[in-house]
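Reading the structure
Listed here are the chains, written in short residue letters.
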Amino acid sequence: MSERRPFIATYIQASRPLGVLYIGMTSNLYERGRQHREGVVDGFTRKYGCGLLVWYEQHELVTEAIRREKALKRWNRVWKLEMIERSNPGWVDLFPNLCGWAPDPRVKPEDDGRGSVEEFLKRLEA
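Described in the following lines is the structure provided in the data block. Worth saying up front: this structure is predicted, and the values here are computed from it rather than measured.

Right, let's get into the overall build of the protein. When you go through the protein residue by residue, the secondary structure sums to six helices and three strands. Secondary structure elements of the protein occur, N-terminal to C-terminal, as β-β-α-α-β-α-α-α-α. The buried share of the protein, reckoned over its 126 residues, is 33%. Long-range contacts, defined as pairs at least 24 residues apart, comprise 61% of the intrachain contacts of the protein with a sequence gap of at least 6.

Looking at the secondary structure, you find Arg46 in helix H2 (residues 44-48). Sequence separation between Arg46 and His36 is ten residues; the distance between their C-alpha atoms is 7.0 Å. With residues up to four places along the chain from it excluded, the contact list for Arg46 reads Gly39, Val40 and Val41. A polar contact is formed between the side chain of Arg46 and the backbone oxygen of Gly39, at a distance of 3.4 Å.

So, about helix H3 (residues 62-74). The end-to-end C-alpha distance of H3, which contains 13 residues, comes to 19 Å, matching closely the 18 Å that a straight helix rising 1.5 Å per residue would cover. Where H3 is concerned, the buried positions are Ala65, Glu69 and Leu72. Down the axis of H3, the smallest arc covering the buried residues is 70 degrees, so these residues share one side. Exposed positions of H3 whose direction lies more than 90 degrees from the buried face are Arg67, Lys70 and Arg74. Looking at the buried residues of H3, the elements they touch are strand S1 (9-14), strand S2 (21-26), strand S3 (52-58) and helix H4 (77-87).

Residues other than glycine seldom take positive phi values, yet Leu18 does so here, at roughly 60 degrees. In this fold, Leu18 is placed in the loop between S1 and S2. The partly exposed category is assigned to Leu18, whose relative accessible area is 48%. For Trp91, which is not glycine, the phi dihedral falls at a positive 50 degrees. Within the fold, Trp91 resides in the loop between H4 and helix H5 (95-98).

As a further point, take the pairing of S2. As paired elements, S1 and S2 share six bridges and run antiparallel to each other. Along S2, the bridge assignment pairs Tyr11 with Gly24. As consecutive antiparallel partners, S1 and S2 are separated by six residues, and within that stretch Leu18 has a phi angle of approximately 60 degrees, a positive value.

Rules and cut-offs
Residues numbered from 1 in each chain as written. Predicted model: local features only at pLDDT ≥ 70, side-chain atom pairs only at ≥ 80, totals over all residues. Heavy atoms only, no water. Helix = DSSP H or I, 4+ residues; strand = E, 2+ residues; numbered from the N terminus. Buried < 20%, exposed > 50% of the residue type's maximum accessible area, 1.4 Å probe, protein only. Contact = heavy atoms within 4.5 Å. Polar contact = N/O pair within 3.5 Å; in protein donor to acceptor, adjacent residues only side chain to side chain. Expected span 1.5 Å × (residues − 1). Arc of directions from axis to C-beta. Pairing = 2+ DSSP bridges.

Put into structure tokens, the structure is as follows:
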């Protein structure tokens, strides 16, 4: 994954759905996500098993990501849970999608901008 372009982000890791939450920011979410999943760095996420990437927000600048991280850390737990539930109601691990190993579970097939299967088949026949 080191060949990927850095991905500046604010993110939330969880131990399980509705479990322990960790809010962080990084200049490379691919690498930092891998570290959390593998538990290679001592700290909060390893201690509490926060290996699921349940929410993230990409930023252009590190300063924006830091500002957002600090703001989210001031939020109460209910607000954080609601934010996660809005974009990822199944609390699916988003890391495989981020790395291109799986489709984005937050996007329904009919919402991917390509239209329905029927419309696709009609375009093929035309």
